[in-house]
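Commentary on secondary and tertiary structure
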Amino acid sequence: MEHLKHEMLANMEEKYHNLKANGISENEAIGTVLAEFGNIDEIIEEYNLSLEEDYVDPDELVMSRDDVDDYLMHRQRFAFAMAIVVFLCIIAVTVFFTLRGLLTYFAGSSGADLIGVAGLLMTIAVAVGIFIVFGSKESEYPFDKKILKLDTLTYSRLKADYDEFKPRLSYAIAAGVVLIIMGVVVLMLALMFLPGSNLAVIFLLSFIATGVFLFVYFGIQNDTFEKLLTVGSHTRAQVKSNKLTETVSAVIFPLATLYYLYQGFFNGGWGTAWIVFPIVGIGFGIFAAIVEGLMNVRSKR
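As for helix 5 (residues 112-138)
Relative to the 39 Å expected for 27 residues at 1.5 Å per residue, helix 5 spans 39 Å between its end C-alpha atoms, a close match to the ideal helical length. Inspection of helix 5 places Ala112, Gly116, Gly119, Thr123, Ala127 and Glu138 among the buried residues, and these make up the whole buried set.

What follows is the structure, given as structure tokens:
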């Protein structure tokens with residue numbers, strides 16, 4: 001029953017967007033869709049379908065339009081905060097070299113290293129503070145293991161927003177890659193023309209930090225859209241398989257560690273027992289791929 005309703009809604013939504021793409025007004029498009037498909041409730045009554053759901057999936061979470069807007073606003077702030085955190089952690093090293101270089105140039109080498117380390121630690125402290133604040137806020141939205149369900153209008157509006165966002169994501173990724181490449185180019189030039197100078201590292205890390213900022217900021221927003229629309233890595237099959245693989249990984253990797261420690265302490269096999277980790281890792285990767293494939297097949301039935 002639920003599958004039938006979703007399929008009908010998907011067909012109606014596709015028809016609506018096709019009409020809009022052909023220049024039909026919104027009211028005319030809605031009228032045409034209703035005329036062609038009819039009212040869902042009437043169809044249910046005509047075919048004597050039950051309105052009661054026999055099974056409620058515990059992994060599903062119904063979200064209203066207000067819930068979606070609130071989550072989107074939070075995730076946009078969270079994306080910016082996490083991007084700043086990563087940026088500060090990378091740029092902290094440049095703070096050290098910059099402060100040390102300036103103090104050495106203007107006041108001699110006395111205390112330059114200490115001031116540089118202090119600046120580095122303060123930058124990291126700010127990053128950690130931001131991470132804790134926004135990380136605790138993120139815990140108020142425990143949607144990672146949930147399949148989010150939206151009403152048709154909210155889903156359509158969000159899908160349109162996502163389509164508008166995709167070009168910005170592509171530009172951001174391209175810009176990030178260009179910045180990282182520029183950082184490597186500047187590093188080589190600095191090594192050639194300013195040998196022994198810390199400017200090479202400063203420029204390299206500055207470009208990398210900016211590029212990674214773009215990756216994180218736009219990447220988290222893209223993940224948010226995929227989560228709400230249940231596409232990409234957040235499909236129903238993917239959520240189901242992730243829950244199973246996480247449960248299995250919580251067992252086999254600690255067991256692998258215990259095996260390694262046992263072989264090391266009791267048999268002196270520190271130099272050979274490490275092979276258990278790549279074996280378990282490869283085996284788990286195969287297992288996860290099989291589980292995901294089975295879930296995808298099952299969801300299509």
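Having seen the structure, we can now continue with the description.
Observations regarding the pattern of salt bridges
Overall, the coordinates contain six salt bridges when judged by the stated rule. One salt bridge connects Asp69 with Arg157, and the closest N-O pair in it is separated by 3.0 Å. Taken as a pair, Asp69 in helix 4 (residues 65-107) and Arg157 in helix 6 (residues 152-193) lie far apart in primary sequence, 88 residues in all. With a relative accessible area of 23%, Arg157 lands in the partly exposed category. The partner of Lys137 in a salt bridge is Glu140, and the shortest N-O contact between them spans 3.3 Å. The network of salt bridges with common partners includes Asp69, Arg157 and Asp161.

Thoughts on helix 6
With 42 residues, helix 6 extends 61 Å from end C-alpha to end C-alpha; this agrees with the ideal 62 Å at 1.5 Å per step. In helix 6, a bend of some 30° at Phe165 exceeds every other bend along the element, and Pro167, a proline, comes one to four places later. Taken together, the buried positions of helix 6 are occupied by Thr154, Ser156, Leu158, Tyr162, Phe165, Leu169, Ala172, Gly176, Leu179, Gly183, Leu187 and Ala190. Backbone nitrogen of Leu153 and a side-chain oxygen of the N-cap are separated by 3.2 Å at the start of helix 6; the cap is Asp151.

Thresholds applied
Residues numbered from 1 in each chain as written. Predicted model: local features only at pLDDT ≥ 70, side-chain atom pairs only at ≥ 80, totals over all residues. Heavy atoms only, no water. Helix = DSSP H or I, 4+ residues; strand = E, 2+ residues; numbered from the N terminus. Expected span 1.5 Å × (residues − 1). Buried < 20%, exposed > 50% of the residue type's maximum accessible area, 1.4 Å probe, protein only. Salt bridge = Lys/Arg side-chain N within 4 Å of Asp/Glu carboxyl O. Bend = angle between axes of the 7 residues up to and from the residue. Polar contact = N/O pair within 3.5 Å; in protein donor to acceptor, adjacent residues only side chain to side chain.

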